Amino acid sequence: MAMIPPPNAMDFSFSLADAVDIPVRVRSDGVLAKWDRRKAPKAVLPWPAAGKLPADGEYLVTTTWRQLLTAATSAGRDLAPWLRKTPAFAVNELIARVSPLQAYLSLKDVEAPAEAAGRRLFVNAIYRHGTERSAHAAFGYHLGMTMAQWLTVGMAGLPATVHLEACGIPELADPTKKLPDLYGNHAVEALPWLIEAKARKALGAGDMRDGQWQLDQATAEIAVPHRQVLCGTVLPESGRWEDDHLVMMVHTALVGPSSGGGIHSLPDPPSGGGAPPLNESPDELLRVARDQLLVFRALAFGAVQDLRVVPLAETGAEWDGPLGREGRLRPLEGDVATRELREMVLGGIPLEWAREQQGSRVREFVVGRIPGIGLHLGLSRGLYAACARLHQAQAEVPADEPLFPADPFLTRRGEDEEREEMTREARRTFYEREEERLVTATREMTRAYAAEEVPAGFLRATRYAVERPEDRGGLLESRTAETYVAIEPTDPVLADRR
């Protein structure tokens, strides 16, 4: 989720109100040593470019809090088998993914190079003194997944990730094997990525070795070249709360086909660079719609607030292709065309006239506020229409006992093992049945995306909102070619710095 500054504004990302620095060490030499806490804060190299992992080194990556929260919304299991029948719970899932970060993290000013933000992430007193060990472990898992999503998607060029259990490769969904967390197809390298996320207090070589072993287990099943990416997020050890901030250790390796691998092919990675528009690439449209289906269900069915349609200026050609559709957030503070559009409309010029005067196409985004976390999420009208068609196709998949078990025998003890086995069986059943409907669904999604045609009953937002950020108290907005994200200045992590 790399920052994309406007032309001639080299310090743009560093002046954003929610900018934050994250030290990241990248290694590819196989050495899983802990990053010495006395050296980690001294990382000063800027992250060189979006779209790939950089050479080995210690980097100070400047990002934004809104980008980290966006990563959190995407870091979770696929709930399609259940949400297709109970879609209003998509709001609950988004709250569950974002609220732990707001609850346990804080921003503090630190010394930094002039071109950096000078703020880093620390754990707060609630995490330190108000939570039990089990809560620490749960937060570590969630934070690790969020940071791995942030690092790989956008910062390192993945368009999106999926949980390995949902990647469509049977050999990598075996519940008896301890495999890595995530899978993705890299847009530039044209290689599959296997990703394992680790996070905990004083995370070190032992934890990283466990993660590497999980990656190696999956590698043994793959008979094609791929990349391993091990993402370790280090929380401070007890007694160092005030001194140590979050850092990341990334270990990566390019791996050739294994001699005994059982998989002869993997899903084709998307092409890099100037990929065709989504309506001309049905498979890519399906992938993007899957990735944003949770947001769609929240907007279409959930208890979201302030539903509205937000017109934004069209993005340029640099936003074509996989990297511009979801991963690379663009802060609207630097979107001159959108600012001009808003000023014209607020000055009394009708929106249709403003479109003509501006000389560029205006895209409409369906936007809503997720209650309790102050996160505003939106989808372009075309993507929203495509997601509606995908939801309809999934809703037609029959639901029976494997998906929604009613027999008390199946849930008599409520043990984790029972629940996990039921979950895996439900996923297998659902994906098999969904596959039968995807050819027709993808064709309908393509038509709906091109025509921006939303089926009746799926669009509750009718109010057009053309407003300045300050009209909403200083809303911090950002977007990609197909998605919209904004946070409020009252976000707990930002507010405790005022």
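Remember, it's a predicted structure, so these values are computed and weren't measured experimentally. (Residues numbered from 1 in each chain as written. Predicted model: local features only at pLDDT ≥ 70, side-chain atom pairs only at ≥ 80, totals over all residues. Heavy atoms only, no water.)

> Would you mind going over the environment of glutamine 292 in detail, with residue names and values included?
Position of glutamine 292 among the secondary structure elements: in the loop between α7 (282-291) and α8 (293-301). The sequence separation of glutamine 292 and glutamate 482 amounts to 190 residues, and the corresponding C-alpha distance is 9.6 Å. (Helix = DSSP H or I, 4+ residues; strand = E, 2+ residues; numbered from the N terminus.)

> Residue-level account of the sheet that holds strand β13 (residues 362-370), with values.
What links the strands of a sheet is backbone hydrogen bonding, and the strands pair in either a parallel or an antiparallel sense. Spatially, six strands are ordered β11-β13-β14-β16-β15-β12 in an open sheet, and the strand pairing comes out antiparallel. If you trace the sheet from one side to the other, it starts and ends with β11 (305-313) and β12 (330-331), each paired once. Alignment of β12 against strand β15 (residues 476-479), held across two bridges, turns out to be antiparallel. Considered in β15, the bridge of proline 331 is made with serine 478. The strands touched by α8 within the sheet are β11, β13 and β14 (375-380), with β14 carrying the most contacts at an inclination of about 100°. Each of β11, β13 and β15 is contacted by helix α10 (residues 336-346), which is oriented at about 110° to β11, the strand it contacts most. (Pairing = 2+ DSSP bridges. Contact = heavy atoms within 4.5 Å. Axes fitted to C-alpha atoms, helices over the stretch in contact; angles between N-to-C directions.)

> Go over the pairing of strand β16 (residues 483-487) with me, naming the residues and quoting the values.
Within β16, five of the five residues are buried, which leaves it mostly tucked inside the rest of the structure. Side-chain alternation along β16 places Thr483, Val485 and Ile487 on one buried face and Tyr484 and Ala486 on a second face that is also buried. Relative to β16, β14 is paired through five bridges, and the arrangement is antiparallel. In the strand pairing of β16, leucine 377 is matched with valine 485. Note that β15 and β16 share four bridges and pair antiparallel. Pairing of serine 478 across the sheet is with valine 485, part of β16. Where β15 folds back on β16, the antiparallel hairpin that results is connected by three residues. (Buried < 20%, exposed > 50% of the residue type's maximum accessible area, 1.4 Å probe, protein only.)

> Just give me the short version of the nonpolar core, but keep the residues and values in it.
It is characteristic of soluble globular proteins that their nonpolar side chains tend to be buried jointly. Val24, Trp47, Trp65, Leu105, Trp150, Met248 and Phe296 are the most contacted members of the largest nonpolar core, which totals 89 residues. Dropping the residues within four chain positions of it, phenylalanine 296 is found in contact with Phe301, Leu379, Tyr384, Cys387, Ala388, His391 and Phe458. Counting residues in each nonpolar core, the second largest holds 21 residues, with Ala43, Leu203, Val247 and Met249 among its members. (Core = buried A, V, L, I, M, F, W, Y, C linked by side-chain atoms within 4.5 Å.)

> Would you mind going over the packing of aromatic side chains in detail, with residue names and values included?
According to the stated counting rule, one finds 10 aromatic pairs in the structure shown. Measuring from centroid to centroid gives 5.8 Å for phenylalanine 301 and phenylalanine 458, while their planes differ by 80°, and the two rings are edge-to-face. Pair noted here: phenylalanine 301 is in helix α8 and phenylalanine 458 is in the loop between α14 (438-451) and β15, with a separation of 157 residues, a long-range link. By relative accessible area, which is 11% here, phenylalanine 458 ends up buried. Among the aromatic side chains, those forming a connected cluster through ring pairs are Tyr104, Tyr127, Phe139 and Trp241. (Phe/Tyr/Trp six-rings, centres within 6.5 Å; stacked < 30°, edge-to-face > 60°.)

> So what's going on with α8? Which residues, and what values?
Within α8, eight of the nine residues are buried, which leaves it mostly tucked inside the rest of the structure. Inspection of α8 places Leu293, Leu294, Val295, Phe296, Arg297, Ala298, Leu299 and Ala300 among the buried residues, and these make up the whole buried set.

> If you had to explain the sheet that holds strand β6 (residues 162-163) to someone new, which residues and values would you point to?
Taking strand neighbours across the sheet as the criterion, the eight strands line up as β2-β3-β1-β10-β9-β8-β7-β6 in an open arrangement whose pairing is mixed. A single partner strand is all that each edge strand has here, and the edge strands are β2 (45-46) and β6. Sheet analysis places β6 next to strand β7 (residues 182-185), joined by two bridges and oriented antiparallel. Pairing of histidine 163 across the sheet is with leucine 182, part of β7. The sheet strands contacting helix α1 (residues 65-74) are β1 (19-27) and β3 (57-64), and the helix crosses β3 at an angle near 90°. Helix α6 (residues 205-219) rests against β8 (192-201), β9 (226-235) and β10 (247-255) of the sheet, and its axis sits at about 160° to β8.

> How would you explain the packing of α8 against helix α12 (residues 381-395) if you had to name every residue and give the values?
At a minimum axis distance of 10 Å, the contact between α8 and α12 shows a crossing angle of 90°. With respect to α12, the axis of α8 lies roughly perpendicular. Of α12, the residues touching α8 (which contributes Leu293, Phe296, Arg297, Leu299, Ala300 and Phe301) are Tyr384, Cys387, Ala388, Leu390, His391 and Gln394. Residues belonging to the contact of α8 with α12 are distributed by class as follows: nine nonpolar, two polar and one charged. (Parallel < 35°, antiparallel > 145°, perpendicular 65-115°, else oblique. Nonpolar A, V, L, I, M, F, W, Y, C, P; charged D, E, K, R; others polar.)

> Go over the pattern of salt bridges, please, and point to the residues and values.
Taken as a whole and assessed by the stated rule, the structure comprises 28 salt bridges. For lysine 34, the salt bridge is made with glutamate 237, and the minimal N-O distance between the two is 3.8 Å. Of this pair, lysine 34 sits in the loop between β1 and β2 while glutamate 237 sits in the loop between β9 and β10, and the two are 203 residues apart along the sequence. Residue lysine 198 pairs with glutamate 196 through a salt bridge whose shortest N-O separation is 3.4 Å. We note that lysine 198, like glutamate 196, is buried. One salt-bridge network, in which partners are shared between bridges, spans Asp306, Arg308, Arg463, Glu467 and Arg472. (Salt bridge = Lys/Arg side-chain N within 4 Å of Asp/Glu carboxyl O.)

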